[in-house]
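Here is what each chain is made of, one letter per residue.
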Amino acid sequence: MEKHVFKIFMLFSLLISTANAQSYDVTGTGVKTEINENTVEIQFYTPSIVRVVKYPKGSVCTKHSLSVVKSPEKVSFNAQRVGDILLVKSKALSVNINLGSGQVNFYSAAQTPLLKEKVGGTSFAEINDAGEKSFTVSQSFELDKDECIYGLGQQQQGKMSKRNVSLKMIQGNLDDYIPFFQSVKGYGLFWDNYSPTNFDDNQECTTFKSEVGDCIDYYLMNGGNADGVIACMRNLTGQAPMFPLWTYGFWQSRERYKTQDELVDVVKKYRELNVPLDGIIQDWQYWGNNYLWNAMEFLNPGFQDPQKMVNDVHGLNAHMIISIWSSFGPNTKQFRELEKMNALFNFKTWPESGSEKFPVNKDYPSGVKVYDAYNPKARDLYWRYLNDGIFKLGMDGWWMDSTEPDHLDEKPADFDTKTYLGSFRKVRNAYPLMSVGGVYQHQREVTSDKRVFILTRSAFAGQQRYGANTWSGDISASWETLKNQISTGLNFSLSAIPNWNSDIGGFFLQNFKNPLENPDYRELHVRWMQFGTFCPMMRSHGEGYPRELYQFGKKGNPTYDAIEKYINLRYSLLPYIYSASWQVTANQSSMMRALVMDFATDKQAIDLNDEFMFGKSLLVSPVTEPMYWKKQLQGKDSVKVEDYSAVKTKDVYLPKGTDWYDFWTGEKAEGGKTIHKEVPLDIIPLYVKAGSILPVGPKVQYATEKKWDNLEIRIYPGADGEFTLYEDENDNYNYEKGIYSTIRFSWNDKQKSLTIDKRKGQFPGMLANRKFNIVVVGTAQGHGGELSISPDKLVTYSGSKLTVSF
């Protein structure tokens with residue numbers, strides 16, 4: 001009798017479960033179902049990328065993504081219901097949907113857990129967004145307790161892993177927010193929302209909560225490792241185009257050059273000193289007063305003949321970019337046209353005053369307003385003035401300042417401001433993507449002969465597709481700030497945007513009295529130059545005090561000599577750097593690489609915030625504390641003086657799984673150990689991974705001065721390795737048509753032989769014949785603290801495959 005009752009009870013329970021369980025529809029890209037009060041859609045974009053969309057029943061989600069440019073591929077998948085679980089599988093991902101709770105979990109094809117939503121972690125709160133019905137949306141996830149995550153754009157916190165972090169994500173001068181993170185487990189998550197967003201990670205859960213959204217919309221990607229995740233994200237949001245070769249040389253800038261003669265004279269001075277330089281930048285106010293803000297004309301009397309200025313710079317074999325902003329003064333032509341289009345925002349921005357004196361005098365408001373970059377006609381207008389006023393002079397690129405944009409004295413009502421795409425609140429964080437994208441797209445329409453290069457202060461997901469390098473904002477010079485730049489840049493790169501830099505030496509110098517003569521600052525500037533040598537852009541800039549090399553003394557001065565040394569080192573590495581930049585474009589690589597990218601299983605490496613790989617061969621460990629000054633009495637005053645009486649050291653961890661070579665001495669060291677590296681003023685700890693093949697270029701004054709017809713090829717034995725040398729015409733888009741060449745080098749460590757494969761491809765001006773000076777680096781090649789090398793083999797290469805044995 002009891003067994004009979006039990007069977008009836010189980011049958012009744014099953015009927016109730018079946019009645020309550022949700023049905024689902026198979027769509028062309030996945031499945032759609034209703035659970036509790038929400039509609040849930042699963043859409044495969046590739047076998048490795050899946051989109052999850054949720055919205056309340058009765059609502060619709062017709063959102064057009066500003067970041068995602070990819071359309072869903074035709075993906076083979078299976079949908080199967082097992083009890084209350086709906087299983088949706090591709091060959092790379094498994095998505096499990098609990099039809100009772102609505103929880104969505106993600107697994108690899110091998111059923112390894114990747115990420116799971118928190119039960120009950122989906123939230124919609126209806127709101128009135130500037131007169132439009134919408135929702136505040138939130139989704140929580142559960143991560144493994146010891147799981148490291150990275151990305152989220154750039155924040156100046158000094159942290160590598162973003163666990164136990166809370167962020168109010170609104171674009172700012174120093175912080176760029178990208179609602180994307182990737183895990184050490186090899187997956188990534190992109191929260192596709194542009195409104196102010198809270199990211200919060202704590203012991204219970206990890207949550208994105210956005211102020212405005214028609215739906216919850218996120219993408220889960222299974223890349224297998226950091227490079228794979230970045231490849232997925234760029235597949236989704238756009239590939240990074242190549243920059244010209246010259247942009248990887250040295251840049252000099254200042255806030256600001258007050259006349260065109262002053263700017264040109266800087267380039268002349270570098271040439272006189274025989275110190276390499278490729279880029280010079282004109283900062284703001286060449287347009288005149290603040291009422292003419294960003295007029296895109298040279299109305300300042302110090303710039304009487306801008307065409308001559310550009311020609312003079314080009315005549316010195318240098319290039320020039322110029323500051324442009326996201327706002328316009330009330331007396332500009334652009335302002336008047338944009339005002340008629342209702343394409344100006346009313347919130348406060350920089351500059352606040354029409355007076356150029358400091359402190360700011362608000363009795364004379366500037367009237368400057370930010371333009372509506374969401375409006376395609378406004379972007380058209382922006383480019384029309386930029387093209388006619390500046391680009392036609394032969395300008396080589398753009399310094400797009402304040403692309404976040406500056407939003408001063410922020411008020412809640414400011415976010416009700418109407419844009420072309422809805423309230424400012426709804427699309428706030430995507431402003432840099434739209435403003436930078438407008439310039440890139442228009443220049444591409446005008447010409448393919450000059451690659452777009454944009455230096456900008458803010459970024460959002462997908463901006464890598466717009467030819468932009470983001471700098472870390474108007475930072476204040478300090479040793480702590482320098483150290484924080486490392487993790488700032490690395491997490492930015494881990495957000496799938498590969499091009500980043502900082503103001504070498506720091507923008508503001510309020511922490512240093514008389515900085516150019518201050519031993520503490522002079523040492524900081526040298527160490528920052530060393531760090532900048534291994535960033536995608538090497539650029540010295542700041543306000544208050546000029547930062548040109550010759551401001552720090554003359555040849556023979558330790559500070560001058562150290563700065564000059566690293567500028568020259570940068571140029572010697574150009575074949576390596578340019579080839580790495582091609583890997584970024586062609587194979588979704590990253591130039592500035594957190595250690596988790598190459599050593600994900602080394603728990604001692606993955607959270608280090610002061611070391612990184614530059615390309616896949618060089619380990620860089622910047623010096624981030626002062627070592628070579630002391631205080632001494634001069635009369636009654638205590639002053640700082642240089643002190644080189646003892647050489648100091650820095651502890652450097654060498655990741656395990658490989659051997660390493662000291663770049664400076666050739667000394668070999670085993671990975672998995674911490675070493676004490678001597679770091680005199682002119683030495684940064686720099687190590688080369690065993691198995692690396694490192695091309696070294698000629699000594700030059702600018703990037704294209706000499707052909708690479710006699711490159712030194714350094715082999716670092718201890719493991720098999722390979723390297724592909726990339727070459728093209730240096731500054732046009734013919735590479736997109738396959739007009740370039742590659743030469744693959746491979747090292748067989750057991751046989752001690754180097755194979756140089758048959759050259760692939762060709763381009764106008766390509767070297768038909770060349771020489772390679774091949775060096776096998778070994779121990780005891782150091783000389784006076786520097787690696788002294790003579791070629792082991794000199795080979796002539798004409799494009800055919802050859803093997804060199806040692």
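Here's what I pulled together on the structure shown here. (Residues numbered from 1 in each chain as written. Predicted model: local features only at pLDDT ≥ 70, side-chain atom pairs only at ≥ 80, totals over all residues. Heavy atoms only, no water.)

The next subject is the overall build of the protein chain. Within the protein chain, the regular secondary structure consists of 13 helices and 50 strands. Relative to its length of 806 residues, the protein chain is compact, with a C-alpha radius of gyration of 28 Å against a globular reference of 28 Å. Along the longest, intermediate and shortest principal axes, the C-alpha atoms of the protein chain span 100 × 75 × 65 Å. Here the protein chain holds 806 residues, and 61% of them are scored as buried. (Helix = DSSP H or I, 4+ residues; strand = E, 2+ residues; numbered from the N terminus. Rg over C-alpha atoms; globule rule 2.2 N^0.38 Å. Buried < 20%, exposed > 50% of the residue type's maximum accessible area, 1.4 Å probe, protein only.)

The subject of this paragraph is empty space enclosed by the protein. Scanning all chains against the criterion turns up 3 cavities of 30 Å³ or more. Of the pockets and cavities examined, the largest cavity occupies roughly 50 Å³. Lining the largest cavity are Ala240, Pro241, Met242, Phe243, Tyr248, Asn499, Ser581, Val584, Thr585 and Met591. Of the residues assigned to the lining of the largest cavity, the class counts are 7 nonpolar, 3 polar and no charged. (1 Å grid on protein atoms, 1.4 Å probe; cavity = no way out; pocket = protein on both sides within 12 Å on 5 of 7 lines; lining within 4 Å. Points joined across faces, edges and corners; volume = space filled by probe spheres on them. Nonpolar A, V, L, I, M, F, W, Y, C, P; charged D, E, K, R; others polar.)

Another point: the state of the cysteines. The full count for this structure, using the stated rule, is 1 disulfide. Paired through a disulfide, Cys61 and Cys215 show a sulfur-sulfur distance of 2.3 Å. Of this pair, Cys61 sits in the loop between β4 (49–56) and β5 (78–82) while Cys215 sits in the loop between β16 (206–213) and β17 (216–222); the two residues are 154 residues apart in sequence, bridging distant segments of the chain. Residue Cys215 is classed as buried on the basis of its relative accessible area, which comes to 5%. Free of any disulfide, Cys205 has its nearest neighbouring cysteine sulfur in Cys148, separated by 18 Å. Exposure remark for Cys205: the relative accessible area of 11% places this residue in the buried category. (Disulfide = S-S within 2.5 Å.)

Moving on: the packing of aromatic side chains. For the coordinates displayed, the defined rule picks out 61 aromatic pairs. Judged by centre distance (6.2 Å) and plane angle (10°), the ring pair of Phe181 and Phe208 falls under stacked. Placement of Phe181 in strand β13 (residues 176–183) and of Phe208 in strand β16 is noted, with a sequence separation of 27 residues between them. For the residue pair Phe181 and Phe208, the accessibility class agrees, reading buried in each case. Geometrically, the ring pair formed by Phe190 and Tyr219 is stacked, given 6.1 Å between the ring centres and 20° between the ring planes. Of this pair, Phe190 sits in strand β14 (residues 187–191) while Tyr219 is found in strand β17, placing the two residues 29 residues apart along the sequence. For Tyr219, a relative accessible area of 1% corresponds to the buried category. The structure contains a cluster of three or more aromatic residues connected by ring pairs, namely Trp284, Tyr286, Trp287, Trp293, Phe298, Phe303, Trp325, Trp350 and Phe358. Between Arg444 and the ring centre of Tyr733, over which it is positioned, the NZ or CZ distance is 3.5 Å. Stacked on the ring of Phe806, the Lys or Arg Lys793 has its end atom at 6.0 Å from the ring centre. (Phe/Tyr/Trp six-rings, centres within 6.5 Å; stacked < 30°, edge-to-face > 60°. Lys NZ or Arg CZ within 6 Å of the ring centre and 35° of its normal.)

Sheets are built from strands paired through backbone hydrogen bonds, the pairs being either parallel or antiparallel. The strand order across the open sheet built from 9 strands is β5-β6-β7-β8-β9-β10-β16-β15-β12, with neighbouring strands paired in antiparallel fashion. Edge positions in the open sheet fall to β5 and β12 (166–169), since each of these has one partner strand only. Geometrically, the sheet is characterised by an average inter-axis angle of 20° between neighbouring strands, direction not taken into account. With 5 bridges connecting them, strand β7 (residues 93–98) and strand β8 (residues 104–108) associate as antiparallel partners. The residue bridging Val95 from the neighbouring strand is Phe106, located in β8. (Pairing = 2+ DSSP bridges. Axes fitted to C-alpha atoms, helices over the stretch in contact; angles between N-to-C directions.)

Attention now goes to the pairing of strand β36 (residues 659–662). Within a regular strand, side chains alternate between the sheet's two faces. Bridging between β36 and strand β37 (residues 668–670) involves 3 bridges; their strand directions are antiparallel. Bridged to Asp659 within β37 is Glu670. Connecting β36 to the antiparallel partner β37 that follows it, the hairpin turn spans 5 residues, and Gly666 within it adopts a positive phi of roughly 80°. Where β36 meets strand β39 (residues 686–689), 3 bridges bridge the pair, whose relative direction is antiparallel. Of the residues in β39, the one forming a bridge with Tyr661 is Val688.

A cis geometry characterises the amide bond from Trp350 onward to Pro351, with omega recorded as -5°. Position of Pro351 relative to the elements: it lies in the loop between α5 (333–340) and β22 (369–370). Residue Pro405 is bonded to the preceding Glu404 through a cis peptide linkage, with omega at -15°. Within the secondary structure, Pro405 sits in the loop between β23 (397–400) and β24 (418–419). Non-glycine residue Asn294 carries a positive phi angle of around 60°.

Taken in spatial order, the 8 strands of this open sheet run β1-β2-β3-β4-β17-β14-β13-β11, and their pairing is antiparallel. Looking at strand neighbours, the two that pair on one side only are β1 (24–26) and β11 (149–154), the edges of this open sheet. For this sheet, the mean angle separating the axes of adjacent strands, direction not counted, is 20°. Inspection of the sheet shows β13 paired to β14 by 3 bridges, in the antiparallel sense. Each residue of the ladder has a partner; that of Phe180, found in β14, is Phe190. Relative to the sheet, helix α2 (residues 226–237) contacts β3 (38–46), β4, β13, β14 and β17, its axis offset from that of β17 by approximately 135°. On top of the sheet, helix α9 (residues 479–493) reaches β11 and β13; it is set at about 100° to β11, its chief contact. (Contact = heavy atoms within 4.5 Å.)

What follows covers the packing of α9 against helix α10 (residues 519–532). Relative orientation of the contacting elements α9 and α10 amounts to 10°, with a least axis distance of 10 Å. Comparing the axis directions of α9 and α10 gives the class roughly parallel. On the side of α9, the interface is formed by Trp479, Thr481, Leu482, Gln485 and Ile486, while α10 contributes Asp520, Glu523, Leu524, Arg527, Trp528 and Phe531. Here the residues of the contact of α9 with α10 are counted per class, giving 6 nonpolar, 2 polar and 3 charged. (Parallel < 35°, antiparallel > 145°, perpendicular 65-115°, else oblique.)

Quick look at the environment of Val264 now. In this structure, Val264 sits in helix α3 (residues 260–273). Distance in space between the C-alpha atoms of Val264 and Glu34 is 66 Å, their sequence separation being 230 residues. Excluding its chain neighbours within four sequence positions, the residues that come into contact with Val264 are Met309, Asp312, Val313 and Leu316.

Before going further, it helps to examine the side chain of Thr470. Position of Thr470 relative to the elements: it lies in strand β27 (residues 468–471). On the accessibility criterion, Thr470 (1% relative accessible area) is buried. When neighbours within four sequence positions are excluded, Thr470 is seen to be in contact with Asp176, Thr456, Arg457, Ser458, Ala459, Gln463, Phe492, Asn499, Trp500 and Asn501.

On to the pattern of salt bridges. Tallied over the entire structure, the rule returns 45 salt bridges. Here Lys362 makes a salt bridge to Glu352, at a shortest N to O gap of 3.5 Å. On the criterion of sequence distance, the pair formed by Lys362 in the loop between α5 and β22 and Glu352 in the loop between α5 and β22 is long-range, its members being 10 residues apart. Of the residues examined, Glu352 reaches a relative accessible area of 18% and is grouped as buried. Among the charged side chains, a salt-bridge network with shared partners connects Asp129, Lys168, Glu211, Asp416 and Arg425. (Salt bridge = Lys/Arg side-chain N within 4 Å of Asp/Glu carboxyl O.)

None of the figures reported here should be taken as evidence of function without further support.
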